[in-house]
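Residues per chain, in single letters:
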Amino acid sequence: MSHSLSATQNGEIQGLGKSQHERMRHDHLITSKQLSRADIETVLDRAAEIDADPSAVADRHANSVLGLLFFEPSTRTKMSFETAMKRLGGSVIDMGSIESSSVKKGETLADTVRVTEGYADALVLRHPKQGSATMASEFVDVPLLNAGDGAGHHPTQTLLDLYTIRENAGLDDLTIGIMGDLKYGRTVHSLSYALTNFDTRQHFISPESLQLPRDVVYDLHQQGERTQIREHDSLEEILPSLDVLYVTRIQRERFPDENEYQKIAGEYQIDLETLEDARDELTVMHPLPRVDEIAPEIDDTDHAAYFEQAHNGIPVRMALLDLLLENHTRGDTDE
Amino acid sequence: MSDDHDHHDGHDDHELRVSKIRSGTVIDHVRGGQALNVLAILGIDGSDGEEVSVGMNVPSDRFARKDIVKVEGRELSQDEVDVLSLIAPDATINIVRDYDVIEKHRVERPDLVEEVLSCPNTGCITTGDEPVSSRFEVLDDGVRCGYCETIVRDGIPSLIDT
Ligand SMILES: [Zn+2]
């Protein structure tokens, strides 16, 4: 993969970084926008290899340390990175609770990452501010993986979503429906960007108040010559054409009152009856945790891929860490 | 020098409003009301002792009203003035030496503006205490924060970092 994981060909923001910040290395994973089709395929291929034979990589990064910088709680993402690193033979450090750390004393993120890069061979950052991972990556030389920057990006989620789609339906000639909270759901935005690298028809299904932000639509149109984008307010009309239905949670706090929420959210929940018109091969995905968007009765059908999707976080994160650590080490010896 | 330079001989009232400069830069055809933003965006506040004159709502051949900014003793480079395209896209830049306009050009849209605008997104990392300067990509119809990726199309003058 060489230094192409953060390839700049189609990532405008990365392009900015390149021209202005010489110290920025091309071995960070900040946004799914930076990923070319070749990058994505490299990661997914490596993930598939690892998935097929995890023991082959069990000692591969035995002397490596991964630093987990979680400025907001996300137990699952953290556990997933921890497991991935340990299954590569490496170890993990974290900064403990924010309450007792230097951050509480008012340290900047720039300082925190500059200190901790001395302790670790790669860093994983989760931070509530948008753009935090981009900024942090400009201050460090070790690979930095964005595990969520506020309402911004969460590219490792995107890659595990892509992996799951590829395993179940294939990534080209794909018809996908993405349903729920499309306004605030960064998972959705990241996934949509990444899918523009493939021949896809993307249908966005949401109540009007939770439609995709116009900026995201703008970007999808900019990037997406290979992609058709349609917006709908109901699943019914397009369900029969879908290969994949990606469901996200509509949060209660998005609505002024409980009645409004119940009424609207109810229209975007699925059960066996909803899926009667679906193709037999329809794959149903969800980033989890779910509340009542997907009825439990779907869990036992062949449609359900959401638990598999969650499990795929391990091989995909192993693949990413493996590629970035390998890339970084090789880069060092080259210099 | 040129037919759209609004210092027609005999228009003494123009001369009074904005005097000619000996050497420096005249930024002409600034949209009415943007002169002070032009100075703010260029970081010119007179504190370096430069002589600055500003004409506001001057009658213009091209627009009904325009602003003019003259900076004595300083020749602004193309890179310095291109950022003005965000708020004064029609501006013309006249470089003056010994009362003669020796160079005249338009502002061009840069690809990137740095340390000029502040991000309006309160959730953006650049709005905190981090040691980072703002960076905006210039789009056809607005600007986009290089960190949080927020796109701003309207109200760009209000983002000028003063
Ligand atoms: Zn921003």
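Criteria and cut-off values
- Residues numbered from 1 in each chain as written.
- Chains lettered and ligands numbered in written order.
- Predicted model: local features only at pLDDT ≥ 70, side-chain atom pairs only at ≥ 80, totals over all residues.
- Heavy atoms only, no water.
- UniProt positions renumbered as here; feature names shortened; annotations may be inferred.
- Pairing = 2+ DSSP bridges.
- Helix = DSSP H or I, 4+ residues; strand = E, 2+ residues; numbered from the N terminus.
- Donors = N, O, S within 2.8 Å, 3.2 Å for Na, K, Ca; no water.
- Tetrahedral: all angles 85-135°; square planar, octahedral: opposite > 155°, others 65-115°.
- Buried < 20%, exposed > 50% of the residue type's maximum accessible area, 1.4 Å probe, protein only.
- Axes fitted to C-alpha atoms, helices over the stretch in contact; angles between N-to-C directions.
- Contact = heavy atoms within 4.5 Å.
- Buried area = accessible area lost by both parts, 1.4 Å probe.
- Salt bridge = Lys/Arg side-chain N within 4 Å of Asp/Glu carboxyl O.
- Polar contact = N/O pair within 3.5 Å; in protein donor to acceptor, adjacent residues only side chain to side chain.
- Core = buried A, V, L, I, M, F, W, Y, C linked by side-chain atoms within 4.5 Å.
- Domains from an automatic or database assignment.
- Expected span 1.5 Å × (residues − 1).

Going by what an unreviewed UniProt entry lists, chain B is known as Aspartate carbamoyltransferase regulatory chain and is assigned to Natronorubrum sulfidifaciens JCM 14089. Check the Sequence similarities (unreviewed entry) section of the UniProt entry for chain B; it says "Belongs to the PyrI family." The UniProt entry for chain B carries this comment under Function (unreviewed entry): "Involved in allosteric regulation of aspartate carbamoyltransferase."

Regarding the pairing of strand S5 (residues 100-106) of chain B
Residues and elements named next belong to chain B. Here strand S4 (residues 92-97) pairs with S5 via 6 bridges, running antiparallel. From the neighbouring strand, Val-96 faces S5, where its bridge partner is Val-101. The turn joining S4 and S5, which pair antiparallel and follow one another in sequence, is formed by 2 residues; a positive phi near 50° is taken by Asp-98.

Here's the deal with the coordination of the zinc ion
Residues and elements named next belong to chain B. For the zinc ion, the full set of protein donor atoms is Cys-119 (SG), Cys-124 (SG), Cys-145 (SG) and Cys-148 (SG), and the range of their distances to it is 2.3 to 2.4 Å. The coordination sphere of the zinc ion comprises 4 donor atoms, whose angles at the metal cover 100 to 116°; the geometry is tetrahedral. Each donor residue of the zinc ion belongs to the same chain, with the gaps between them written as C-x4-C-x20-C-x2-C. Of this pair, Cys-119 sits in the loop between strand S6 (112-114) and strand S7 (135-139) while Cys-145 sits in strand S8 (residues 142-145), and the two are 26 residues apart along the sequence. Since its relative accessible area comes to 1%, Cys-145 is described here as buried.

Observations regarding the sheet that holds strand S1 (residues 24-31) of chain B
Residues and elements named next belong to chain B. The antiparallel open sheet is built from 5 strands, whose spatial order is S2-S3-S1-S4-S5. Because the sheet does not close on itself, it has two edges, and the strands there are strand S2 (52-59) and S5. Neighbour-to-neighbour, the strand axes of the sheet open up by a mean angle of 20°, direction not taken into account. Sitting on the sheet, helix H2 (residues 35-42) touches S1, S2 and strand S3 (65-72), and the angle it makes with S2 is about 145°.

As for the interface of chain A and chain B
Facing 26 residues of chain A, the contacting portion of chain B comprises 25 residues. Both faces considered, chain A and chain B share a buried interface measuring about 2,000 Å² in area, 50% of it formed by carbon and sulfur atoms. Across the pair A:Asp215 and B:Arg153 runs a salt bridge whose closest N-O atoms are separated by 3.5 Å. If you look at where chain A meets chain B, you find 12 residue pairs in polar contact (both at pLDDT 80 or more).

Quick notes on the nonpolar core
Soluble, globular proteins show a tendency: their nonpolar side chains are buried together. Formed by 57 residues in total, the largest nonpolar core has its most connected members in B:Ile27, B:Val38, B:Leu84 and B:Leu117. Residue contributions to this core peak at 5 residues, all from H2(B). For B:Ile27, the residues in contact, after removing those within four places along its chain, are B:Val38, B:Leu42, B:Asp67, B:Ile68, B:Val69, B:Leu76, B:Leu84, B:Ala91, B:Thr92 and B:Ile93. Among the nonpolar cores identified, the runner-up in size contains 55 residues, and A:Val92, A:Leu159, A:Val188 and A:Met285 belong to it.

Here we look at the domain arrangement of chain B
A common way to state how big an interface is: give the accessible area lost once the parts meet. Residues and elements named next belong to chain B. When the domains of chain B are assigned, the result is domain 1 (14-106) and domain 2 (112-159). Measuring from the centre of the C-alpha atoms in domain 1 to the corresponding centre in domain 2 gives 25 Å. Listed by partner, the interface residues are 6 residues for domain 1 and 7 residues for domain 2. Where domain 1 abuts domain 2, roughly 480 Å² becomes buried across the two surfaces, and 86% of that area is made up of carbon and sulfur atoms.

A look at helix H6 (residues 155-168) of chain A
All names here are of chain A. Counted at 1.5 Å a residue, the expected span for H6 with its 14 residues is 20 Å, and the 20 Å between its end C-alpha atoms agrees. With respect to burial, H6 is a largely interior element, 11 of its 14 residues being buried. Three or more residues of H6 are buried, namely Pro-155, Thr-156, Gln-157, Thr-158, Leu-159, Leu-160, Asp-161, Leu-162, Tyr-163, Thr-164 and Ile-165. Gly-170 sits one or two positions beyond H6 and adopts a positive phi of about 85°.

Concerning the pattern of salt bridges
As enumerated under the stated definition, the model contains 30 salt bridges over all chains in all. Between B:Arg144 and A:Asp219 there is a salt bridge whose closest N-O contact spans 2.9 Å. Highlighted residues: B:Arg144 in strand S8 and A:Asp219 in helix H8 (residues 214-223), drawn from two different chains. The burial state of B:Arg144 is the same as that of A:Asp219; both residues are buried. Notably, a salt bridge pairs B:Asp98 with B:Arg22, separated by 3.5 Å at the nearest N-O pair. Of the two residues, B:Asp98 sits in the loop between S4 and S5 while B:Arg22 sits in the loop between helix H1 (12-17) and S1, which places them 76 residues apart along the sequence.

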